Amino acid sequence: MQVWFPCLDNLYIRKLPKINYIVGWKEGEGHHHKIFPVLHHLELRNLSNLIHMYEINQSGGLGGVLLFQNLTSLEVDGCGKLRYLFSENIGRVSVKNLELLIISNCGMMEVVMKNIEEEELIIVDDKAGGGSNSHFFPLLRALKLEYLSGLRSFCDVAYTWELPSLEYLQVSKCPKLEALSPGYLDSPRLNELKYSYDREEVNVKDTWKGDVNKALRYIKKETEEKRLENMNEDADDDDDDDDDDDDSED
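Not measured: the values here are computed from a predicted model.

Secondary structure assignment for the chain yields three helices and 15 strands. The contacts in the chain between residues at least 6 apart in sequence include a share of 83% that link residues at least 24 apart. Surface exposure of the chain reaches about 13000 Å², of which carbon and sulfur atoms provide 47%.

Quick look at the structure:
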């Protein structure tokens, strides 16, 4: 049975605890090449058992299926079992038109776009291929990452790549995140980075020459040094209090 949604423009999925994945196929099932051909906005919120954006249980991988190829806005919140959002192959198609990406409160997410070597993807439309490795998110203008306690990286592939359209970046409460990717990442249009709510904006364009990763690594190091400094100060205060107690007893 072929299921597709040729006219669906907005999709909101909220508070459905039995959902494990958004799109899936099983061995022997037919499928339409373009399941959401005009979907522009997708919101996933409080899906406590969502494990994958898609589930493939057939040989030959996706076999040319295009997922979310016209998506411009994606918001994911409160999906506690989601470990990654897209594979690298799916990402080539799914994010080529994405302009806004917000991910929050997904405690098990380790990476947004993951490299899965065994996954196959046969692109049926050359225009959907996403271009070179350096342009995975060619139109992404705003990226917001919040309360992601397990997030290590945005992309785990060490490419030299860029976010040519990125103008707004916010990173808050992501304690393990040191950089968006292992390699060099250029963001020529990004002026400032918002890092946590209690810190001034960081000038990426002038201070770090557009290198987001270098700016994030510096902030991470500075934050860790400040945390250790505060811990040492608290320990010294405790020692002083103990000395005062000893003096009072004498």
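Take the confidence of the model for the chain next. Looking at the chain, the pLDDT average stands at 80 and 77% of residues meet or exceed 70. Confidence drops under pLDDT 50 across residues 118-131; counting only partners more than four residues distant or on other chains, this segment forms 32 contacts.

Now for the pairing of strand β3 (residues 41-45). Every other side chain in a regular strand lies on the same face of the sheet, so the side chains alternate between the two faces. Burial analysis of β3 places four of its five residues in the buried class, the great majority of the element. Summarising the sheet, strand β1 (residues 10-14) and β3 pair through five bridges and their orientation is parallel. By the bridge assignment for β3, leucine 11 is matched with leucine 42. Pairing of β3 with strand β5 (residues 73-77) involves five bridges; the strand directions are parallel. Note that in β5 the partner of leucine 44 across the bridge is valine 76.

This part covers the nonpolar core. Grouped together as the largest cluster of nonpolar side chains are 63 residues, with contacts concentrated most on Phe68, Leu85, Leu101 and Phe137. With four residues, helix α3 (residues 212-249) is the largest single contributor of residues to this core. Leave out the neighbours within four places in its chain, and phenylalanine 68 touches Ile22, Val23, Phe36, Leu39, Leu42, Met53, Phe86, Val93 and Ser94.

Using the criterion set out here, one finds four aromatic pairs in the structure. Note on phenylalanine 5 and phenylalanine 36: the rings are 5.3 Å apart at their centroids and 5° apart in plane angle, and the pair reads as stacked. You can see phenylalanine 5 sitting in the segment before β1 and its partner phenylalanine 36 sitting in the loop between β2 (21-26) and β3, a full 31 residues away along the chain. Judged by relative accessible area, which is 37%, phenylalanine 5 ranks as partly exposed. Grouped by ring-pair contacts, the aromatic residues Phe5, Phe36 and Phe68 constitute a single cluster.

Definitions and limits used
Residues numbered from 1 in each chain as written. Predicted model: local features only at pLDDT ≥ 70, side-chain atom pairs only at ≥ 80, totals over all residues. Heavy atoms only, no water. Helix = DSSP H or I, 4+ residues; strand = E, 2+ residues; numbered from the N terminus. Contact = heavy atoms within 4.5 Å. Areas by Shrake-Rupley, 256 points an atom, 1.4 Å probe, with all protein chains shown as cover. pLDDT = per-residue confidence, 0-100. Buried < 20%, exposed > 50% of the residue type's maximum accessible area, 1.4 Å probe, protein only. Pairing = 2+ DSSP bridges. Core = buried A, V, L, I, M, F, W, Y, C linked by side-chain atoms within 4.5 Å. Phe/Tyr/Trp six-rings, centres within 6.5 Å; stacked < 30°, edge-to-face > 60°.

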